[in-house]
Amino acid sequence: MSEDVGFINMTAAKSEGEAPEIGVGMLGYAFMGKAHSNALIKLPYMMYPPVAKPVLAAIAGRNEEAVKEAAKRYGFKKYYTDWHDLIEDDSVQVFDNGGPNDAHAEPCIAAAQAGKHVFCEKPLGRTAEESKTMLDAVEKAGVKHMVAFNYRFVPAIVLAKNLIASGKLGRIYHFRAVYLQEWIMDPNFPKVWRLDKAITGSGALGDIGAHIIDLARFLVGEPTRVMGMAKTFIDERPLADGSGDRGKVDVDDAFTSLFEFENGALGTLEASRFAAGRKNYNSFEINGEHGTIQFNLERLNELNVFWNNDEPKETQGFHNVLVSESYHPYWKNWWPQGHIIGWEHTFVHEFHHFFDAIVNGAPIAPYGATFEDGYRNSVICDAILESSRSGKISDIWY
Ligand SMILES: NC(=O)c1ccc[n+]([C@@H]2O[C@H](COP(=O)([O-])OP(=O)(O)OC[C@H]3O[C@@H](n4cnc5c(N)ncnc54)[C@H](O)[C@@H]3O)[C@@H](O)[C@H]2O)c1
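Every value quoted in this text rests on a predicted model; they were computed, and no experiment measured them. (Residues numbered from 1 in each chain as written. Predicted model: local features only at pLDDT ≥ 70, side-chain atom pairs only at ≥ 80, totals over all residues. Heavy atoms only, no water.)

**Points about the environment of A114**
Move 1: On the secondary structure map, A114 appears in the loop between α5 (105-113) and β5 (117-120).
Move 2: For the pair A114 and S387, spaced 273 residues apart in sequence, the C-alpha to C-alpha distance is 38 Å. (Helix = DSSP H or I, 4+ residues; strand = E, 2+ residues; numbered from the N terminus.)

And the structure:
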């Protein structure tokens, strides 16, 4: 069908009138600041017609020279060296928090109280208790809220979710996920903020484990019990300030865990920053009654599937779907089939989803993660750490 062919329909969308402008105020201008800015700039011409035109209203950071440079680089109209000023700015309707984990709660709560819609990076808070205060604040303020679990916006993962929801996989037996990196294996790698409990909350668990915990809930459902084991391999490192002093690492370098889900499925989830050779290996396999689905972020345009009842039997086996057709999730906004997209595009989809909720009242859940999802994620992270400490299974209560 020609209407299914990206070469034909790529530029077919027509806008009907002007989309409303939404002023975005951003905290943080490093890794996530760059990824979010990039997505906000692309959004109105790629997700066309746009639900909203984001205006890069203001950006906040602590260092004037650096935040001024970031504003210039990404195209923000103003910059502030104190996030309180950003939140008081009337040109800001959406507060986008890309700061480290200890800078999530207070600014997000203040933004909600000031009536701003809140978009926050993951993990929501450093603990379930902190995340709950954030959830309560956005609910009380009645603003829209979303946690940036961006892997929910990978087209192949949305396809996996839709296959599961349609019953194609049947009953789910197993969810097996790993998120593996290697970047802190050198014992002389400094104690950056991600290794400092006061700032980060937990280590590999809250940083990358939180992503696969979110995918477990997104794809399979709620866990009822978890068992965890967390470990710090290098417990002292040079401080990041270059002083030559050394500091204790008080967060996990890795964790492994067992999950039991409400629907009876079993899960194993593991994350580590000590997996030599693994750069950003976020991979899961789901075994169901009628087949298996397998995904790996480092090949994010692909989904491997196996169906028990594939015919002919002689050629049955896993097959690889290149998720890039215009009828695949989000793909009609991008390129002709096979002209693949990358990690950064998940943020474009994610902001589009958030703005659709603000402008049109579209639901954030179940495709997007709300602060309720962020809170539940934190409960599970805490339960894994508690199980690791006690050696006992932790029940999950929200
Ligand atoms: N969704 C994802 O895939 C993903 C990937 C990486 C990081 N993250 C999350 O994004 C957040 C930021 O991580 P990052 O990798 O961008 O960190 P980063 O260290 O690269 O950037 C943090 C930014 O916040 C600024 N900052 C620090 N403390 C601040 C304060 N008190 N007030 C104002 N600004 C402050 C820093 O100057 C810097 O610009 C974290 O919560 C992290 O978990 C999410």
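**A word on the packing of aromatic side chains**
Move 1: Counting across every chain of the model gives 17 aromatic pairs.
Move 2: Ring plane angle 25 degrees and centroid distance 4.3 Å describe the contact between F119 and F351, whose orientation is recorded as stacked. Here F119, found in strand β5, pairs with F351, found in helix α10 (residues 345-360); they are 232 residues apart in sequence, far enough to count as distant.
Move 3: On the accessibility criterion, F351 (0% relative accessible area) is buried.
Move 4: Aromatic rings pair up to connect F175, F259, F261, F284 and F295 into one cluster.
Move 5: Lying across the ring of Y367, K161 places its NZ or CZ 5.9 Å from the centre.
Move 6: A cation over an aromatic ring shows up here: K168 above the ring of W307, its NZ or CZ 4.6 Å from the ring centre. (Phe/Tyr/Trp six-rings, centres within 6.5 Å; stacked < 30°, edge-to-face > 60°. Buried < 20%, exposed > 50% of the residue type's maximum accessible area, 1.4 Å probe, protein only. Lys NZ or Arg CZ within 6 Å of the ring centre and 35° of its normal.)

**So, the packing of helix α2 (residues 31-46) against α10**
Move 1: Direction vectors running N to C along α2 and α10 enclose 65 degrees, while the axes themselves pass 8 Å from each other. It follows that α2 is roughly perpendicular to α10 by the angle criterion. Here α2 runs over α10; the crossing is right-handed. Side by side, α2 and α10 meet where M32, A35, H36, A39, L40, K42 and L43 of the first sit next to H345, F347, V348, F351, H352 and F355 of the second.
Move 2: By residue class, the composition of the contact of α2 with α10 is nine nonpolar, three polar and one charged. (Axes fitted to C-alpha atoms, helices over the stretch in contact; angles between N-to-C directions. Parallel < 35°, antiparallel > 145°, perpendicular 65-115°, else oblique. Left-handed = near helix turned anticlockwise from the far one by under 90°. Contact = heavy atoms within 4.5 Å. Nonpolar A, V, L, I, M, F, W, Y, C, P; charged D, E, K, R; others polar.)

**Quick look at the side chain of E350**
Move 1: Here E350 shows up in helix α10.
Move 2: Lacking a salt bridge, the buried E350 has R152 as its closest oppositely charged neighbour, with an N-O distance of 7.8 Å.
Move 3: Among all residues touching E350, those that are not within four sequence positions of it are F119, M146, V147, A148, F149, N150 and F153. (Lys, Arg positive; Asp, Glu negative; His and termini not counted. Salt bridge = Lys/Arg side-chain N within 4 Å of Asp/Glu carboxyl O.)

**Describing a nonpolar patch on the surface**
Move 1: Taken together, the side chains of M227, L258 and I393 define a hydrophobic patch exposed on the protein surface, amounting to about 250 Å² of accessible area.
Move 2: Secondary-structure assignment places I393 in the loop between α11 (371-390) and β17 (394-395).
Move 3: A relative accessible area of 43% means that I393 is categorised as partly exposed. (Patch = residues over 30% accessible without salt bridge, like charges linked within 9 Å, V, L, I, M, F, W, Y side chains within 5 Å. Areas by Shrake-Rupley, 256 points an atom, 1.4 Å probe, with all protein chains shown as cover.)

**Section: the site of the ligand**
Move 1: What surrounds the ligand is a group of 21 residues, the closest being M32, N101, K122, W193 and R194.
Move 2: The separation between an oxygen atom of the ligand and a polar main-chain atom of Y29 is 3.0 Å.
Move 3: At 3.1 Å, a backbone N or O of F31 approaches an oxygen atom of the ligand.
Move 4: Here the ligand, which alone exposes 840 Å², has 86% of that area covered by the protein.
Move 5: Elements that contribute at least two residues to the shell around the ligand include exactly α2 and α9 (204-219).
Move 6: A per-class count over the shell around the ligand returns nine nonpolar, seven polar and five charged. (Near = heavy atom within 4 Å. Polar contact = N/O pair within 3.5 Å; in protein donor to acceptor, adjacent residues only side chain to side chain.)

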